[in-house]
Amino acid sequence: MERPKIVEVSARRVTITLPRPVQLGEYLIKARGYCVTTVRLSDGSVGHAYGLDRGVPVAECVNSIIAPLYKELFTGDPLSTWDLVYRRASAPLSAGAALRGFSLVDLAAHEAVAKSEGKTVTARFGKSEKKISQWAVIGYPPSRGPEDIAWEVKAAVAAGAQGVKLPVGLTPELTRERIIAALDTKLCPVSTDLAFSCQSAEDAMKIVGGLDLAWVEDPFVSGSLMELKKLRSLLSSPLASGDDETHLYHPQAFVETGAVDILRLDTTCQGGLSRLIRLNDYLAEKNLPVSWHVYDAWHSQVASILDVASISIEYSAPGASVDALAELIVARSRAENNYPTTGWKFALPELPDTLMGIDSDPDWSAFNLK
């Protein structure tokens, strides 16, 4: 049976204004910009993926560089196509905006093919979805004080979350107070995302030193391997890093230098599913645990396909403004009782180029993580 061909690869930018701006230390986020990609096959099957574009021209890279290559080189198999496309244009596709676009097209291609076969992406690889610890990203906006943390820990745990992660607050002192408030509930393990806000290991230790955390995440900007190693030697909690490492030296650079205890992985900017499948044997051999960066729709399935020890899949509740697009999708699916059973198992609604995010406190009742 002849495999369907690609008839469309396209991308566009969608901007979601946040009703309550998010301030991570000195970093103020008033809107979330996403690249939304579409892959359409000749049999009518359509795959989608989306990811934060971080203000760089991801959609333009897809439409000008990546789409023509996929239309020319698509074999019917996303894995072999990824390799052909990368070998044709490895210089532009190895990092930055183009790698983000390449990653998203790969994810969308995997969904389109899985839908064509009437399967989930996991099932297409002959795997079943694993039960992986589900973590709630709480404490948004980060301006909220410690007095507002306990109720959200309780709400997330009631929804079935097995752990919670808090972002950096407006100040190092507030960050520590918020973490302690979550720990004091004694309801579940707690981790923290320092969101690249620290300049030195000493800065990080002032926030998390002496706290019993599941892990400390992303304290430094990219390129800080030596500072990570220093902090790792000081911490009593595990150290994790890797969010938004948008280059193909990740995760090997973290593994081979011994910089972290836990790898953070994100298929939307690190080569998609196809690239991680190529790294599967390496990751399994190195045996570092993996914590996945949001995008639960596909990371729950990607983690099930790979032979790595995944310790967390992250969820953000409608109204949190963590992953504003995912939150809109969750709220819309709930309102319409629309829960797809093939592909990545999410229903992407029609979206204007600009729209407003959900204006509410985080609504953990939208989930049943139990």
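Up top you'll find the structure we're talking about.
In this convention, every chain numbers its residues from 1, walking through the sequence in written order. In keeping with the predicted nature of the model, local features appear solely for residues at pLDDT of at least 70, side-chain atom pairs appear and are counted solely at 80 or more, and the whole-chain, interface and lining totals rest on all residues. Side-chain metrics in this entry use all non-hydrogen atoms of the structure; hydrogen atoms and water are not considered.

## Concerning the overall build of the protein
Thought 1: By the criteria applied, helices consist of DSSP H or I runs no shorter than four residues and strands consist of E runs no shorter than two, each listed in order from the N terminus. Scanning the protein from N- to C-terminus turns up 14 helices and 12 strands.
Thought 2: Radius of gyration here is computed from C-alpha atoms only, and the compact-globule reference equals 2.2 Å multiplied by the residue count raised to the power 0.38. The C-alpha radius of gyration computed for the protein amounts to 20 Å, which stays within 12% of the reference 21 Å derived for 370 residues, consistent with globular compactness.
Thought 3: By its C-alpha atoms, the protein is 60 × 45 × 35 Å across when sized along the principal axes.
Thought 4: Here, Shrake-Rupley sampling with a 1.4 Å probe gives the accessible areas, and only protein chains in the shown set may cover a residue. For the protein, the exposed surface amounts to about 14,600 Å²; the carbon and sulfur share of it is 51%.
Thought 5: Only four residue types enter the charge count, namely Lys and Arg as positive and Asp and Glu as negative; His and the chain termini do not. The atom standing in for a charge is NZ when the residue is Lys, CZ when it is Arg, CG when it is Asp and CD when it is Glu. The distance from the centre of the 37 positive side-chain charges to the centre of the 45 negative ones in the protein is 3 Å.

## Re the sheet that holds strand β10 (residues 290–292)
Thought 1: Read once around its circumference, the closed barrel built from 8 strands follows the order β4-β5-β6-β7-β8-β9-β10-β11, with strand pairing classed as parallel.
Thought 2: Pairing between two strands requires that DSSP report at least two bridges joining them. Both strand β6 (residues 190–193) and strand β7 (residues 216–217) contribute to a ladder of 2 bridges, which runs parallel. Along β7, the bridge assignment pairs Asp193 with Glu217.

## Looking at the packing of aromatic side chains
Thought 1: Two rings belonging to Phe, Tyr or Trp (six-membered ring only in the last case) form a pair when the distance between their centres is within 6.5 Å. Interplanar angles under 30 degrees mark stacking, angles over 60 mark edge-to-face geometry, and anything in between is tilted. Summed over all chains, the structure comprises 14 aromatic pairs.
Thought 2: Considering the side-chain rings of Tyr86 and Phe102, the 6.3 Å spacing of their centres and the 15° angle between planes classify their relative orientation as stacked. Taken together, the positions of Tyr86 in helix α2 (residues 78–88) and Phe102 in helix α4 (residues 96–116) put the pair 16 residues apart, joining distant regions of the chain.
Thought 3: Centroid distance Trp364 to Phe367: 5.6 Å. Interplanar angle 35°. Geometry classified as tilted.
Thought 4: Taken together, the ring pairs connect Tyr34, Tyr50, Tyr295, Trp298, Trp344 and Phe346 into an aromatic cluster.
Thought 5: When the ring centre of Phe125 is taken as reference, the NZ or CZ atom of Arg124 above it lies at 5.8 Å. In our convention, an over-ring charge means Lys NZ or Arg CZ found within 6 Å of a ring centre and within 35 degrees of that ring's normal.

## Observations concerning the pairing of strand β2 (residues 27–41)
Thought 1: The sheet contact formed by strand β1 (residues 6–24) and β2 spans 14 bridges and is antiparallel. Looking at the pairing, Gln23 lines up with Leu28 of β2.
Thought 2: The sheet contact formed by β2 and strand β3 (residues 46–52) spans 7 bridges and is antiparallel. Directly across from Arg40, in β3, lies its bridge partner Val46.
Thought 3: Hairpin connection, β2 to β3: the antiparallel pair is bridged by 4 residues, and Gly44 has positive phi, about 95°.

## Here we look at the sheet that holds β2
Thought 1: Taken in spatial order, the 4 strands make up an open sheet running β3-β2-β1-β12, and their pairing is mixed. The strands lining the two open edges of the sheet, one partner per strand, are β3 and β12 (354–356). Averaged over neighbouring strand pairs, the angle between their axes works out to 25° when direction is ignored.
Thought 2: Contacting β1, β2 and β3, α4 crosses the sheet at an angle of about 150° to β3. In this description, a line fitted to the C-alpha atoms serves as the axis of each element, helices being fitted only across the stretch in contact, and the angle between N-to-C directions of two axes falls anywhere from 0 to 180 degrees. By the convention used here, residues are in contact when the closest approach between their heavy atoms is within 4.5 Å.

## Quick notes on the pattern of salt bridges
Thought 1: Salt bridge criterion: a side-chain nitrogen from Lys or Arg within 4 Å of a carboxyl oxygen from Asp or Glu. Tallied over the full model, the rule gives 24 salt bridges.
Thought 2: Note that Asp244 and Arg100 form a salt bridge whose closest N and O atoms lie 2.5 Å from each other. Linking Asp244 in the loop between β8 (239–241) and α10 (252–256) with Arg100 in helix α4, this pair joins segments that are 144 residues apart in sequence. Here Asp244 matches Arg100 in class, with each residue buried.
Thought 3: Linking Glu152 and Arg144 is a salt bridge whose minimum nitrogen-to-oxygen distance equals 2.9 Å. Considered together, Glu152 and Arg144 belong to a single accessibility category, that of buried residues.
Thought 4: Members of the salt-bridge network, linked through shared partners, are Lys165, Glu217, Asp243, Arg264 and Glu314. Accessibility here uses a 1.4 Å probe with only protein chains present; expressed as a share of the type maximum, an area under 20% marks a residue as buried, one over 50% as exposed, and anything in between as partly exposed.

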